[in-house]
Amino acid sequence: VSTQSTGSPNATLFDHGPPEIARQLTILDFSLVAKIKPIELVNQAWVKPKYSHQAKNILHFAERMNTLTRWAATSILAQKDKGGRAKLITDFISIADELYQLNNFSSFIAIINALEGSAISRLHASWNKVERKVCQRNDELYDIILPNSNFRNLRKKVSQANPPCIPYVGLFMSDLTFATECNPTVVNGMINFMKCTYINDIINRLRLYQHTPYHFEVVPSIVAPLQQLHALDEETLYEMSLQVEPKKPK
């Protein structure tokens, strides 16, 4: 898949096609997930400044996913016209689909979040140039990550996936927060071993995925730009969105 050159450092990345881009993203993602240590998932260290040094890997991974979301939006908005934007929207839907097939739920969600974010979802003129069947597939993928019933659809898909798999780490963080805050540590003067067991089970589920790597060949020409993503902040992205497709007067 090729795109017009826009002066963006990622302009030629998409020439490699969605399947290979998805595989290289998965290589990078797994290398980060594999570094997360059990101690990082204890006592909500990732949200407590004084313990953040204990959760550097999980915080790094979370930031990587946020950057990936903003990079996808940045890349789309960097296109010169609605045709170019429509083409890149199509590419990102294909990449998301490939990630889903690879059980890489983290980057899959990051890219779907970019497509459904305010800066991109409002680009009606661009979306109108995307093929109907591609838009339908995007809707199907988005349905998977809806937060309804505590992410029921997503949890089902993850539970059905056989390793190798990169789960959505946010679910683990959410479950651990619930286990920590909604269950007392001490009951009737005794350690609440049910709480400890519950937390341990959640951590062990993540460790299971960490032990089964992907066996894809690294492609340096793809991995290099994916390691240094050019991503604008949310406010700038929305301003760019308004510039390329201004609001219609009421």
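This text goes with the structure placed above it.
Remember, it's a predicted structure, so these values are computed and weren't measured experimentally.

Calculation criteria
Residues numbered from 1 in each chain as written. Predicted model: local features only at pLDDT ≥ 70, side-chain atom pairs only at ≥ 80, totals over all residues. Heavy atoms only, no water. Axes fitted to C-alpha atoms, helices over the stretch in contact; angles between N-to-C directions. Helix = DSSP H or I, 4+ residues; strand = E, 2+ residues; numbered from the N terminus. Parallel < 35°, antiparallel > 145°, perpendicular 65-115°, else oblique. Left-handed = near helix turned anticlockwise from the far one by under 90°. Contact = heavy atoms within 4.5 Å. Core = buried A, V, L, I, M, F, W, Y, C linked by side-chain atoms within 4.5 Å. Buried < 20%, exposed > 50% of the residue type's maximum accessible area, 1.4 Å probe, protein only. Salt bridge = Lys/Arg side-chain N within 4 Å of Asp/Glu carboxyl O. Nonpolar A, V, L, I, M, F, W, Y, C, P; charged D, E, K, R; others polar.

1. Quick notes on the packing of helix α1 (residues 18–33) against helix α11 (residues 220–227)
When two helices pack together, you describe them by how their axes are tilted relative to each other and by the distance separating the axes. Contact pair α1 / α11: the axes reach a minimum separation of 10 Å and the direction vectors enclose 60°. The orientation of α1 with respect to α11, classified from their angle, is oblique. Crossing of α1 against α11: the hand is right-handed. Across the interface between the two elements, E20, I21, Q24, L25 and L28 from α1 touch I222, V223, L226 and Q227 from α11.

2. Topic: the nonpolar core
Residues F92, F108, I111 and L115 are the most contacted members of the largest nonpolar core, which totals 74 residues. Aside from chain neighbours lying at most four places away, what touches I111 is L25, L68, F92, I95, A96 and L99.

3. Quick notes on the pattern of salt bridges
One pass over the structure, following the stated rule, counts seven salt bridges. Among the ionic pairs, D97 bridges to R137, the shortest N-O distance being 2.8 Å. Here D97, found in helix α3 (residues 82–101), pairs with R137, found in helix α7 (residues 132–145); they are 40 residues apart in sequence, far enough to count as distant. For R137, a relative accessible area of 23% corresponds to the partly exposed category. Close ionic contact of R137 with E140 constitutes a salt bridge, the shortest N to O distance being 2.9 Å. Taken together, the positions of R137 and E140, both in helix α7 and three residues apart, correspond to about one turn of that helix. Judged by relative accessible area, which is 43%, E140 ranks as partly exposed. Beyond isolated ion pairs, a larger network of salt bridges with shared partners links D97, R137 and E140.

4. As for the packing of α1 against α3
The N-to-C vectors of α1 and α3 enclose an angle of 55°; their axes lie 8 Å apart at closest approach. Between α1 and α3, the angle is such that the two are oblique. In the crossing of α1 with α3, the sense of the turn from one axis to the other is right-handed. The segment α1 lies against α3, with P18, P19, I21, A22, L25 and T26 engaging D91, S94, I95, E98 and L99. A per-class count over the contact of α1 with α3 returns seven nonpolar, two polar and two charged.

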